[in-house]
Amino acid sequence: DNGLKVEQIEQFWEDKTLPDGSEFYDYKHGETGAPVLKAQHPEFELWSHGIHARSGVSCTDCLMPCEREGAMKLSNHNVRSPMENINNACQTCHNVPEQELRDRVETTQNRTVALTERAGFAMTEMLDAILEAKAAGVGEDDPKAVYELQRKAMWRLDCISSENSKGFHTDQEAARILGESID
């Protein structure tokens, strides 16, 4: 309803309420008790911000590329990573050697995985700080502000870590989102 950016999707869920009128959440965090959201494989949402979407390239172009069978051109219905079929999946548009394409993807994915690990480490530090503060009796009256930060950081980390392209669908957007999670 609000759009496909991580903040817009988050706002959609922020505007929802549970049947009793309380705020919507997918689950309560097992250690802190914060009500949090769970991303559900946002491949389309992230892809929609990338260069392939802007260029009119669809999911099937890369994941189910066409193959020749005699005189017929058919879509391969074995959905798989384009890296398993670079010639048909990538080189129809990118006229560069296969190894260059493989290296580009690997670089993008390695950077995103490294940022995801940094965001995960920052999240762990945040959770430890919340638990330490709770153990010391700090913030027992109103942890809502801290829980809101936890929820936002976890949502952003989860949106990237639960998406299967490891940043390839939109590397700059993935980096932006992970940067916000780390912050």
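Heads up: these notes are all about the structure in this document. (Residues numbered from 1 in each chain as written. Predicted model: local features only at pLDDT ≥ 70, side-chain atom pairs only at ≥ 80, totals over all residues. Heavy atoms only, no water.)

So, on to the nonpolar core. Ranked by internal contacts, the top residues of the largest apolar core, which has 22 residues, are Met123, Trp155 and Ile160. Secondary-structure elements contributing two or more residues to this core are helix H1 (6–14), helix H6 (98–135), helix H7 (144–161) and helix H8 (171–182). Counting residues per element, this core draws most heavily on H7, which supplies seven residues. Those residues in contact with Trp155 that lie beyond four places of it in its chain are Val6, Ile9, Glu10, Trp13, Leu37, Lys38 and Ala39. (Core = buried A, V, L, I, M, F, W, Y, C linked by side-chain atoms within 4.5 Å. Buried < 20%, exposed > 50% of the residue type's maximum accessible area, 1.4 Å probe, protein only. Helix = DSSP H or I, 4+ residues; strand = E, 2+ residues; numbered from the N terminus. Contact = heavy atoms within 4.5 Å.)

Turning our attention to the environment of Arg176. Assignment of secondary structure puts Arg176 in helix H8. Its relative accessible area of 26% is what places Arg176 among the partly exposed residues. When the C-alpha positions of Arg176 and Pro65 are compared, they lie 30 Å apart, and in sequence the two are 111 residues distant. When residues no more than four places from it in sequence are discounted, the contact partners of Arg176 are Lys5, Val6 and Glu7. Within the structure, Arg176 has its side chain in polar contact with the side chain of Glu180 (distance 2.8 Å). (Polar contact = N/O pair within 3.5 Å; in protein donor to acceptor, adjacent residues only side chain to side chain.)

The next subject is the packing of H7 against H8. Where H7 meets H8, the closest approach of the two axes is 8 Å, and the angle between their N-to-C directions is 150°. In terms of their interaxial angle, H7 and H8 are classed as roughly antiparallel. Taken as a pair, H7 and H8 cross one another with a handedness that is left-handed. Together, Ala153, Arg156, Leu157 and Ile160 of H7 and Ala174, Ile177, Leu178, Glu180 and Ser181 of H8 make up the contact between the two elements. In terms of residue class, the contact of H7 with H8 is built from six nonpolar, one polar and two charged. (Axes fitted to C-alpha atoms, helices over the stretch in contact; angles between N-to-C directions. Parallel < 35°, antiparallel > 145°, perpendicular 65-115°, else oblique. Left-handed = near helix turned anticlockwise from the far one by under 90°. Nonpolar A, V, L, I, M, F, W, Y, C, P; charged D, E, K, R; others polar.)

Our focus in this paragraph is the pattern of salt bridges. Within the structure shown, the criterion is met by 12 salt bridges. Across the pair Glu14 and Arg151 runs a salt bridge, and its minimum N-O distance is 3.0 Å. Note that Glu14 is positioned in helix H1 and Arg151 in helix H7, a separation of 137 residues in sequence. Judged by relative accessible area, Arg151 falls into the buried class, the value being 4%. Glu180 is the partner of Arg176 in a salt bridge, and the nearest nitrogen-oxygen pair spans 2.8 Å. You can see Arg176 and its partner Glu180 sitting in helix H8, four residues apart, about one turn around the helix. Within the structure, one salt-bridge network assembled from shared partners comprises Lys5, Glu7, Glu10, Lys152, Arg156, Glu173, Arg176 and Glu180. (Salt bridge = Lys/Arg side-chain N within 4 Å of Asp/Glu carboxyl O.)

On to H1. Here H1 has its buried residues at Val6, Ile9 and Glu10. Down the axis of H1, the buried set is contained in an arc of 100°. They therefore lie on one face. (Arc of directions from axis to C-beta.)

Turning our eyes to something else, we now look at unusual backbone geometry. Phi at His41 is positive, roughly 45°, even though this residue is not glycine. Topologically, His41 is positioned in the loop between strand E2 (35–36) and helix H2 (43–47). In this structure, Lys166 takes a positive phi of about 50° despite not being glycine. With respect to the element layout, Lys166 can be found in the loop between H7 and H8.

As a further point, take the pairing of strand E4 (residues 72–75). Bridge analysis of strand E3 (residues 66–69) against E4 gives four bridges, and the strand direction is antiparallel. For Cys66, the partnering residue across the bridge sits in E4 and is Ser75. Adjacent in sequence and paired antiparallel, E3 and E4 are bridged by two residues, among which Gly70 carries a positive phi angle near 70°. (Pairing = 2+ DSSP bridges.)

Turning our eyes to something else, we now look at the packing of H1 against H7. A pair of packed helices is captured by two measures, namely the crossing angle of their axes and the spacing between those axes. At a minimum axis distance of 11 Å, the contact between H1 and H7 shows a crossing angle of 125°. When the axes of H1 and H7 are compared, the pair comes out oblique. Our pair here, H1 against H7, has a crossing hand that is right-handed. Here Val6, Glu7, Ile9, Glu10, Trp13 and Glu14 of H1 lie close against H7, whose contacting residues are Arg151, Lys152, Trp155, Arg156 and Cys159. Here the residues of the contact of H1 with H7 sort into five nonpolar, no polar and six charged.

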